[in-house]
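# Residue-level structural notes
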Amino acid sequence: MTIFTCQDNFAARMTCIYDAWASKLGHEHVQLRIEPIEQLEFFVDYVHVEADEDKTEKVVRTVQREISMEAYVWMYYASLSAEEDALDTTYRFLVKAFRYGSKICQMLQDDTVMRMMEIKRLVGNEAHSFREFARFTSYGDMAYIAHIEPKANVILYVAQHFRDRMPSENFVIIDDNRRLAAVHPKNEPCYLKELDEEEISRITQAEEVSSGDPFIAYWKEYFRSIAIKERTNPVCQRNHFPLWMRRHVTEFV
Amino acid sequence: MFEVGTLNDSIMEKVHILADAAKYDVACTSSGVDRAGKEGMLGNARACGICHSFAADGRCISLLKILMTNHCEFDCKYCINRKSNDVERVTLSPEEICTLTVEFYKRNYIEGLFLSSGVIQSPAYTMEKLCETLLLLRTKYHFNGYIHVKTIPGAPDDLLATAGYLADRMSVNLELPTAESLKKMAPGKTFETVLNPMSKIQSTIMNHREAKGKNALMERASGNRYLENSIFYQKAISMETSAATAPKDDTEESLAMIETASPTAGLILPGKDAVLSKADKVHRAFAPAGQSTQMIIGATQETDYNLIMTTQKLYQTYDLKRVFYSAYIPINEDKDLPAKDTAVPLLREHRLYQADWLMRFYGFQARELLSEKMPYFRENIDPKCDWALRHLGNFPVDVEKEDYAGLLRVPGIGPKSALRILQARRYGHLTFESLKKMGVVLKRAHYFITCGGRMMFRIPIEEKYIMNHLTQDEYKDNWKVSHGGEQYHQMSLFQDFGMEAAR
């Protein structure tokens, strides 16, 4: 058994798929994992794969041409997923996809296809959840800042939504886990930026210095008043709004 | 107008009182219209609707649902804000409402505004104030997000029209399904003052849609195309007995009223002289997300059959997007109302919503679900299982052969899983395992389906047997719905009997 490992980004994942395939070890003799690998196994070779632009492009082009655009979209969503088996499932999915062609996305009775669909759905749902639950705080005239901690790497989808929603505002969405920020200057396109230590501390400082946002208090009051006491139902509330998503949500902190 | 950036106690109090007074309105949806954002404006709209939070009662918060004022000239018995109630009354100014909406919106707390109001001075005055607020929000504040506005029964037509051009969705609350009980409970309103605006709004919406080259009728869930029986494409199934000869009771009279109010309605146009005629220049479609209504359940003696028949009539005659139900919470003491310690009929509300979904997505008609002889839904079993048990002759169906409409009739299979089954079976055989992963709830479905010619278990297809098993499975969930609000904890001598202080 050979395990191909790579870093957690789209290009590295695609290159990893390319290399595993090109190794000609046979599909059943390879596995793909995302680094870091915490527990090493016996009798297994680990091969680290570095991201390669050409190989990435080849994989993308081949999938779009030989299978379908839909399959590519699934693959792209899966590359954002934080599920442990996402990369390996993508590989197994492609093996089958090259055999069955464009109808693969409908073949839900197949376990791999089903799992792939689930992974895609998880990412899509999470992106939607953070469109709903991202909370901005106003820091004077500076900008509106939102912190999120999603499991999958959905910041781009979230930022796209807000770009359309408030095109004429300055805002920043920060993924605290990945140290990634989507920055949107007023009336301009949005861009992604990796934050370094210094930038993060500057943001934290600015947040501490600025005076409280009065609308936080109004919103909390509204949130309390709108609930009907006779119908209190915390289980239903938790089903719709899981606890782990509430970390940066104004009305719960 | 209040200063942005400082905390203002009177605003805080108004938010508290007016949100508290608005909480019994149920329609907090932001769905039905797709609109991209524009530079220089604030906001967009998504047809799927976006919930932003969930309150302690588990209901979604999508819009800033607030009353403009809780002053009211009407004395509707079921309402917390009725004239005869001694509650603190406050009013938010248009500027205050706009600032709250826009600032909340920028922080992603809400998807838009749901503006309703008590009747202050007169319906016309109230409606004018509402329109003024909306106009301010759309023009001065450049708000492009979702707005849902309640129309006040008895307001003049030109104001209704103005509101329609500014808002995305309009709603008129029917409150009660029959003219009789509405008269009894809400002396200020009549069935006509509710139905007239509804039909006028509908015909104006239809005209606007046709002018734009769309179908005059609102968009419905796409699955409905494949359902011959769907209420949106088929007039109601004719009554089995010749009801024409039978003496009409109050319910039927009300149903007839709902049906006939419609064709008389004309178009409504915003007034020319008023300041509000500016609304014309905003260039917006007339209520693009359609209209909705709500009914209170449990305050009067209507049966579930009355309610779902009225619902179906409303969908068919007024092309409403949604009909909402609100379980009556005993807040007022009155001889015509249930006593104050009556339990909130949560499970009944749940069953009605299930039936509403069966009509809108599954191609069921009200008459299939209930009848005069069986006017209430069963508590222990959901309406779809109940229907299936009464029609065991149609089952079991084979998932590899049955068409979409047939699959949707199986308890445990919904529009999504039915579609997945249709897709998947073109390319290979299905198994119970794969059905489960596609989202079929086998717990309920396995009594009614075969897969590859076999049932999942060897069971007799007998009503009693299946009924027993289904109710056992569902018992716990039903109990949770009807007792949702109750919380328990382990009694302790120290906490519960004040021993802590004594110690």
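Residues numbered from 1 in each chain as written. Chains lettered and ligands numbered in written order. Predicted model: local features only at pLDDT ≥ 70, side-chain atom pairs only at ≥ 80, totals over all residues. Heavy atoms only, no water.

## Here's the deal with the overall build of chain B
Looking only at helices and strands, chain B has 18 helices and 10 strands in total. Expressed as a percentage of its 503 residues, the buried residues of chain B come to 57%. Carbon and sulfur atoms form 53% of the exposed surface of chain B, whose accessible area is close to 21800 Å². (Helix = DSSP H or I, 4+ residues; strand = E, 2+ residues; numbered from the N terminus. Buried < 20%, exposed > 50% of the residue type's maximum accessible area, 1.4 Å probe, protein only. Areas by Shrake-Rupley, 256 points an atom, 1.4 Å probe, with all protein chains shown as cover.)

## Section: the overall build of chain A
A count of helical and extended segments in chain A gives nine helices and eight strands. If you line up chain A on its principal axes, its C-alpha atoms span 60 × 45 × 40 Å. In chain A, which comprises 253 residues, the proportion classed as buried is 49%. Within chain A, counting contacts between residues at least 6 apart in sequence, those at least 24 apart form 63% of the total. Of the accessible surface of chain A, which amounts to about 12500 Å², a share of 49% is contributed by carbon and sulfur atoms. Computed over 31 positive and 41 negative side-chain charges, the separation of the two mean positions in chain A equals 6 Å. (Contact = heavy atoms within 4.5 Å. Lys, Arg positive; Asp, Glu negative; His and termini not counted. Charge placed at Lys NZ, Arg CZ, Asp CG, Glu CD.)

## Regarding the interface of chain A and chain B
Of the residues lining the interface, 53 residues belong to chain A; the matching set on chain B comes to 71 residues. Across the interface of chain A and chain B, roughly 5700 Å² is buried in total on both sides, 59% from carbon and sulfur atoms. On the chain A side of the interface with chain B, the three residues burying the most area are R165(A), Y218(A) and R231(A), jointly 15% of the side's total. Counting across the chain A and chain B interface gives five salt bridges. For K437(B), the salt bridge is made with D111(A), and the minimal N-O distance between the two is 3.9 Å. Run the count over chain A and chain B and you get 30 residue pairs in polar contact (both at pLDDT 80 or more). For the side of chain A that touches chain B, the secondary-structure elements that each account for two or more residues are α5 (111-133), β4 (136-138), α6 (155-165), α8 (214-226) and α9 (234-240) of chain A. (Buried area = accessible area lost by both parts, 1.4 Å probe. Salt bridge = Lys/Arg side-chain N within 4 Å of Asp/Glu carboxyl O. Polar contact = N/O pair within 3.5 Å; in protein donor to acceptor, adjacent residues only side chain to side chain.)

## Brief notes about a nonpolar patch on the surface
A cluster of nonpolar side chains, M491(B), L493(B), F494(B) and F497(B), forms an exposed patch at the surface whose accessible area comes to about 440 Å². Along the chain, F497(B) falls in the loop between α17 (493-496) and α18 (499-502). (Patch = residues over 30% accessible without salt bridge, like charges linked within 9 Å, V, L, I, M, F, W, Y side chains within 5 Å.)

## A closer look at the sheet that holds strand β6 (residues 171-175) of chain A
Residues and elements named next belong to chain A. With mixed pairing, the five strands of this open sheet are ordered in space as β4-β5-β6-β7-β8. Each of the sheet's edge strands pairs with one partner strand only, and the pair in question is β4 and β8 (191-194). Averaged over all adjacent pairs, the angle separating strand axes in this sheet is 25°, with direction ignored. (Pairing = 2+ DSSP bridges. Axes fitted to C-alpha atoms, helices over the stretch in contact; angles between N-to-C directions.)

## Let's talk about the confidence of the model for chain B
Residue and element names in this part refer to chain B. Within chain B, residue pLDDT values average 87, and 89% of them lie at 70 or more. Here residues 236-247 scores under 50 on pLDDT; set against residues more than four positions off or in separate chains, the count is 10 contacts. The complex prediction reports pTM at 0.89, with the ipTM value standing at 0.93. (pLDDT = per-residue confidence, 0-100.)

## Some words on the packing of helix α2 (residues 53-67) of chain A against helix α3 (residues 69-80) of chain A
Residue and element names in this part refer to chain A. Axis separation between α2 and α3 bottoms out at 7 Å; the angle between their running directions is 140°. On the basis of the axis angle, α2 is oblique to α3. Of the residues in α3, those in contact with V59, V60, V63, Q64 and I67 of α2 are M69, A71, Y72 and M75. Here the residues of the contact of α2 with α3 are counted per class, giving eight nonpolar, one polar and no charged. (Parallel < 35°, antiparallel > 145°, perpendicular 65-115°, else oblique. Nonpolar A, V, L, I, M, F, W, Y, C, P; charged D, E, K, R; others polar.)

## Quick word on the packing of aromatic side chains
Residues and elements named next belong to chain A. A full pass over the atoms with the stated rule returns 32 aromatic pairs over all chains. Ring centres 5.4 Å apart and planes at 85° place the aromatic pair W21 and F98 in the edge-to-face group. Linking W21 in helix α1 (residues 10-22) with F98 in helix α4 (residues 86-100), this pair joins segments that are 77 residues apart in sequence. Judged by its relative accessible area of 32%, W21 is partly exposed. Summarising the aromatic geometry, the rings of F42 and F43 are spaced 5.8 Å apart at their centres and angled 45° between planes, so their arrangement reads as tilted. (Phe/Tyr/Trp six-rings, centres within 6.5 Å; stacked < 30°, edge-to-face > 60°.)

## Description of the pairing of strand β3 (residues 64-67) of chain B
Regular strands have side chains that alternate between both faces of the sheet. Residues and elements named next belong to chain B. Side chains L64 and I66 of β3 all project onto a buried face; the interleaved residues K65 and L67 project onto the opposite face, where all are buried too. Across four bridges, β3 lies against strand β4 (residues 112-116) in parallel orientation. Pairing of L67 across the sheet is with S116, part of β4. The β-α-β motif built from β3, the intervening helix α2 (residues 94-106) and the parallel element β4 has right-handed crossover chirality. (Right-handed = clockwise from strand over helix to strand, strands pointing away.)

## Examining the environment of V63(A)
Residue and element names in this part refer to chain A. Inspection of the secondary structure assignment puts V63 in helix α2. Judged by relative accessible area, which is 1%, V63 ranks as buried. For V63 and E230, which are 167 residues apart along the polypeptide, the C-alpha to C-alpha distance reads 55 Å. Setting aside chain neighbours within four positions, we find V63 in contact with S68, A71, Y72, M75 and L94.

## Looking at the sheet that holds strand β8 (residues 322-327) of chain B
Residues and elements named next belong to chain B. Taken in spatial order, the six strands line up as β3-β4-β5-β6-β7-β8 in an open sheet, and their pairing is parallel. Each end of this open sheet is capped by a strand with a single partner; those strands are β3 and β8. If you compare each strand with its neighbour and ignore which way they point, the axes differ by 20° on average. Here six bridges tie strand β7 (residues 291-297) to β8, and the two strands are oriented parallel to one another. Paired with I297 across the bridge in β8 is A327. Against the sheet, helix α8 (residues 304-318) touches β7 and β8, its axis set at about 170° to β7.

## Digging into the nonpolar core
Ranked by internal contacts, the top residues of the largest apolar core, which has 218 residues, are I173(A), F448(B) and I449(B). If you tally residues by element for this core, the top one is α5(A), at nine residues. If we ignore the near neighbours within four places in the chain, the residues touching I173(A) are F136(A), A146(A), I148(A), I155(A), V158(A), A159(A), F162(A), L180(A), A181(A) and A182(A). Y139(A), I145(A), A181(A) and V183(A) belong to the second largest nonpolar core, which has seven residues in total. (Core = buried A, V, L, I, M, F, W, Y, C linked by side-chain atoms within 4.5 Å.)

## Brief notes about the side chain of R322(B)
All names here are of chain B. Note that R322 resides in strand β8. Despite its burial, R322 remains without a salt bridge, the nearest opposite charge being carried by D356 at 4.1 Å. Once residues lying within four places of it in the same chain are set aside, the contact partners of R322 are T29, R169, Q291, S292, T293, Y315, Y353, D356, W357 and R360.

## Regarding the pairing of strand β7 (residues 180-184) of chain A
All names here are of chain A. Of all five residues in β7, five are buried; the element is thus mostly enclosed. Of the two faces of β7, both are covered, the one formed by L180, A182 and H184 as well as the one formed by A181 and V183. Of the pairings in the sheet, the one linking β6 to β7 comprises five bridges and is antiparallel in character. Looking at β7, one finds that F171 is bridged to H184.

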